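Okay, here's what each chain looks like letter by letter:
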Amino acid sequence: MGILEGKRILVTGVITDSSIAFHVARLCQEQGATVVLTGYGRLSLVERIAQRLPEAAPVLELDVTDEDHLNSLADRIRKHVDGIDGIVHSIGFTPQGALGGNFLDTAWEDVATAMHTSTFSLKSLTTAVLPLMSDGGSVVAMDFDNSVSYPVYDWMGVAKSGLTSTARYLARYLGEQKIRVNLVSAGPLRTMAARSIPGFDELAGHWPERAPLGWDTSDPEPAARAVVALLSDWFPATTGEIVHVDGGFHSTGA
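Residues numbered from 1 in each chain as written. Predicted model: local features only at pLDDT ≥ 70, side-chain atom pairs only at ≥ 80, totals over all residues. Heavy atoms only, no water.

What follows concerns the packing of helix H1 (residues 20-30) against helix H9 (residues 221-231). At a minimum axis distance of 8 Å, the contact between H1 and H9 shows a crossing angle of 50°. Regarding the angle of H1 to H9, the classification is oblique. Crossing of H1 against H9: the hand is right-handed. Residues Ile20, His23, Val24, Arg26, Leu27 and Cys28 of H1 lie in contact with H9, whose contacting residues are Glu221, Ala223, Ala224, Arg225, Val227, Val228 and Leu231. Partitioned by chemical class, the residues of the contact of H1 with H9 number nine nonpolar, one polar and three charged. (Axes fitted to C-alpha atoms, helices over the stretch in contact; angles between N-to-C directions. Helix = DSSP H or I, 4+ residues; strand = E, 2+ residues; numbered from the N terminus. Parallel < 35°, antiparallel > 145°, perpendicular 65-115°, else oblique. Left-handed = near helix turned anticlockwise from the far one by under 90°. Contact = heavy atoms within 4.5 Å. Nonpolar A, V, L, I, M, F, W, Y, C, P; charged D, E, K, R; others polar.)

Next up on the list: the packing of aromatic side chains. Aromatic ring pairs are defined here through the distance separating the ring centres and the angle between the ring planes. What the rule picks out here adds up to six aromatic pairs. Here Phe103 and Trp155 contribute two aromatic rings whose centre-to-centre distance is 4.4 Å and whose plane-to-plane angle is 10°, an arrangement assigned as stacked. Here the residue Phe103 occupies a position in the loop between strand S4 (86-89) and helix H4 (108-129), and Trp155 occupies one in helix H5 (residues 154-174), the gap between them amounting to 52 residues. (Phe/Tyr/Trp six-rings, centres within 6.5 Å; stacked < 30°, edge-to-face > 60°.)

Quick look at the UniProt feature "binding site: NAD(+)" (unreviewed entry) in the protein chain now. Within this structure's numbering, the places UniProt gives as "binding site: NAD(+)" (unreviewed entry) are Gly13, Ser19, Ile20, Asp63, Val64, Ile91 and Lys160. The residues contacting Ser19, other than those within four sequence positions of it, are Gly13, Val14 and Thr191. Here the side chain of Lys160 touches Met142 through a polar contact of 3.0 Å, landing on its backbone oxygen. (UniProt positions renumbered as here; feature names shortened; annotations may be inferred. Polar contact = N/O pair within 3.5 Å; in protein donor to acceptor, adjacent residues only side chain to side chain.)

Structurally, Ile77 is set in helix H3 (residues 67-78). Considering only alpha carbons, one finds Ile77 and Leu37, 40 residues apart in sequence, at a separation of 9.5 Å. Setting aside residues no more than four positions away along its own chain, Ile77 makes contact with Leu10, Leu60, Ile84, Val129 and Leu132.

Shown next, in the form of structure tokens:
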């Protein structure tokens, strides 16, 4: 029996089989969970990727900025499972004008898009699924260290700071319902999302040099394992927490 035996997990953000979300979904299934995926845009691509899991998982369309999608989400999930024990938020988007050193010149419209998609969506996704979590559960969101500024990350860094705070407030308000909300702050990984960040190599280059345990930018498995652990019952009294999976980079000085 795995540590997620019998649990029902909603995983968002699967785009390719190199994404953290894909590896989370795979590990969830290997640990005994039933998985439901969401996708946005190229659903046919997500459906093909879902076939590469140990068991093919259903894929639901979800634009986290679309109220109709959110309002219908619980009912659409019910067609596949009768409840949800865990949510994985692996969603983020920032327009190019808000990245790559454009911080001082970024228009509010681009900032608003980044905050809506990457930050507020944690709250909107969680509350949309809340009717299915009557027995409590775990929400885990993918974060990136935002205790300092980084070159080229710009307004996505601000959005991640907002995500951190959003998770803490969700943890406060959902604790009475026995729902835990935590973050996994992974080091930089060469995912499809990373390729959209101008100057990603400059951002990621320091991790293998400075992380005490080293860091492999092509290996999402360590981050995925942390997510699965937080989804399990092995952290029953942990909420509002950030688990760093970055080889220890966040703990070092220059």
